[in-house]
Amino acid sequence: AVAGTRIDLDEGTSSHNVVSSFDSCEFAFSPDGETLARADPSGDIRLFRGDGFSEFLLIDVPDGSFTSSVSALRFSLDGSLFLGDTLGNVGVWETASGQRLAEIVRADGYLDQVAFLGRESIITVETFGGFNESKPTLVTRWDIRTGAPTDSFHVLDPKVQGYALSASGERLLTTSSDGTAALWDLNVLNSGPALKLACLRLGNNTSLKDVQERYGL
C-alpha cells in the first residue's frame, strides 16, 4: 500500500491516508502540494486533496483511448491542469472539474520528458532507436486547444544521453557522453529552432542532478 502524508513543519505533526493498494502506480503532486494525482494500472486517474488526501475526482478513461497504464503524470505550474501519458497518447484535463481538454497523439518514440508550457501548450521530448543505437531526439510543442503540434526540432548529436525539462517547460537541459551539457530556450520554437543558451564542461563526478540544481530546473 502507498500512503500520502501531510507534515506540518510548525507543529511537527503529520496526517496520512492510504491512497493506493497497488504495488505499481504513477504519482504526481501539484506544485503547491495540495493535490495528489494517482494513475492506476488499469489506466484510471484519481485525484486526492485535503489533510487526509481524500479522493475528489476519478477520471474513468474510456476504452480505446488510454489502453495501458499511465507512465507519466504532470501538473501545470498553477496546478489547474494535469496530463497523463501512455504509449503514444497524452491526455490533458482540468484539475477542478476533470473536463478533458485534449488528447494528443504523439510519435512512437520513448517519452523521456513532458511538461506544460503555460496553459496553452505542452512540451514533449521523445527519443528513438534501440539499445546502443544512436537516438535522435524530437522536441515538440503541442497546442492543447487543438491537440496538434505547432513547432519541433531534432537533437541529432548521438553523444546526448540525458534530458531534463524545467517545471515551466521553458528550458531543456541536455547532457552528453563527452562531458558537456547544454541549456536550450524553448520559448523561441515558434520563430525557429531552440536557442542554445549555454554550454559547459562537466567535471568527472558531475551528475545531471547537479546541473539541474545549478540552473534551477
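Residues numbered from 1 in each chain as written. Predicted model: local features only at pLDDT ≥ 70, side-chain atom pairs only at ≥ 80, totals over all residues. Heavy atoms only, no water.

## Some thoughts on the sheet that holds strand S4 (residues 35-39)
Taken in spatial order, the 4 strands of this open sheet run S3-S4-S5-S6, and their pairing is antiparallel. At either end of the open sheet lies a strand with only one pairing partner, and these are strand S3 (26-29) and strand S6 (54-59). Neighbouring strand axes in the sheet, compared pairwise and without regard to direction, differ in orientation by 20 degrees on average. Of the strand pairs in this sheet, S4 and strand S5 (residues 45-49) are connected by 5 bridges, and their pairing is antiparallel. Residue pairing across strands places Ala-37 opposite Leu-47, the latter belonging to S5. (Pairing = 2+ DSSP bridges. Helix = DSSP H or I, 4+ residues; strand = E, 2+ residues; numbered from the N terminus. Axes fitted to C-alpha atoms, helices over the stretch in contact; angles between N-to-C directions.)

## Topic: the nonpolar core
With 14 residues, the main nonpolar core has Val-139, Leu-165, Leu-172 and Leu-186 as its most contacted residues. For this core, the elements supplying multiple residues, two or more each, are strand S11 (110-117), strand S12 (121-127), strand S14 (149-155), strand S15 (160-165) and strand S17 (180-185). For this core, the leading source of residues is S15, giving 3 residues. Dropping the residues within four chain positions of it, Leu-165 is found in contact with Gln-113, Val-114, Ala-115, Ile-123, Val-125, Arg-171, Leu-172 and Leu-186. In this structure, Leu-81, Leu-83, Ala-102 and Ile-122 belong to the second largest nonpolar core, which totals 13 residues. (Core = buried A, V, L, I, M, F, W, Y, C linked by side-chain atoms within 4.5 Å. Buried < 20%, exposed > 50% of the residue type's maximum accessible area, 1.4 Å probe, protein only. Contact = heavy atoms within 4.5 Å.)

## Focus on the sheet that holds strand S13 (residues 137-143)
Reading across the sheet, the 4 strands line up as S11-S12-S13-S14 and stay open at both edges, with antiparallel pairing between neighbours. Single-partner strands in this sheet number two, and they are S11 and S14. Strand-to-strand twist in this sheet, taken as the mean axis angle between neighbours without regard to direction, amounts to 15 degrees.

## As for the environment of Ser-69
Structurally, Ser-69 can be placed in the loop between S6 and strand S7 (72-75). For Ser-69, the residues in contact, after removing those within four places along its chain, are Asp-40, Pro-41, Gly-43, Asp-85 and Thr-86.

## Examining the pattern of salt bridges
In this structure the tally under the stated criterion is 9 salt bridges. Residue Arg-106 is joined to Glu-126 by a salt bridge in which the shortest nitrogen-to-oxygen separation is 2.8 Å. A residue pair is termed long-range when its members are at least 10 positions apart, and Arg-106 in the loop between strand S10 (100-105) and S11 and Glu-126 in strand S12 qualify at 20 residues. Of the two residues, Arg-106 and Glu-126, neither departs from the other in class, the shared state being buried. Ionic pairing is found between Arg-145 and Asp-143, a salt bridge with its closest N-O pair at 3.2 Å. Here the salt bridges share partners, and the residues they tie into one network are Arg-38, Asp-40, Arg-46 and Glu-55. (Salt bridge = Lys/Arg side-chain N within 4 Å of Asp/Glu carboxyl O.)

## Focus: the side chain of Ser-30
With respect to the helices and strands, Ser-30 occurs in the loop between S3 and S4. Only 3.4 Å separates the side chain of Ser-30 from the backbone nitrogen of Glu-34, close enough to count as a polar contact. (Polar contact = N/O pair within 3.5 Å; in protein donor to acceptor, adjacent residues only side chain to side chain.)

## Points about the packing of aromatic side chains
The full count for this structure, using the stated rule, is 3 aromatic pairs. With 5.4 Å between their ring centres and 20 degrees between their planes, Phe-82 and Trp-93 make a pair best called stacked. Note that Phe-82 is positioned in strand S8 (residues 81-85) and Trp-93 in strand S9 (residues 89-94), a separation of 11 residues in sequence. Overall, the relative accessible area of 1% leaves Phe-82 in the buried class. On the accessibility criterion, Trp-93 (2% relative accessible area) is buried. On the basis of an interplanar angle of 40 degrees and a centroid distance of 5.8 Å, the ring pair of Phe-153 and Trp-184 is categorised as tilted. (Phe/Tyr/Trp six-rings, centres within 6.5 Å; stacked < 30°, edge-to-face > 60°.)

## Focus on the pairing of S5
Summarising burial for S5: 4 of the 5 residues are buried, a large majority. Remark: 5 residues form the turn of the hairpin made by S4 and S5, two consecutive strands paired antiparallel; Gly-43 in that turn has positive phi of roughly 105 degrees. Taken together, the 5 bridges between S5 and S6 define a ladder with antiparallel strand orientation. Bridged to Phe-48 within S6 is Glu-55.

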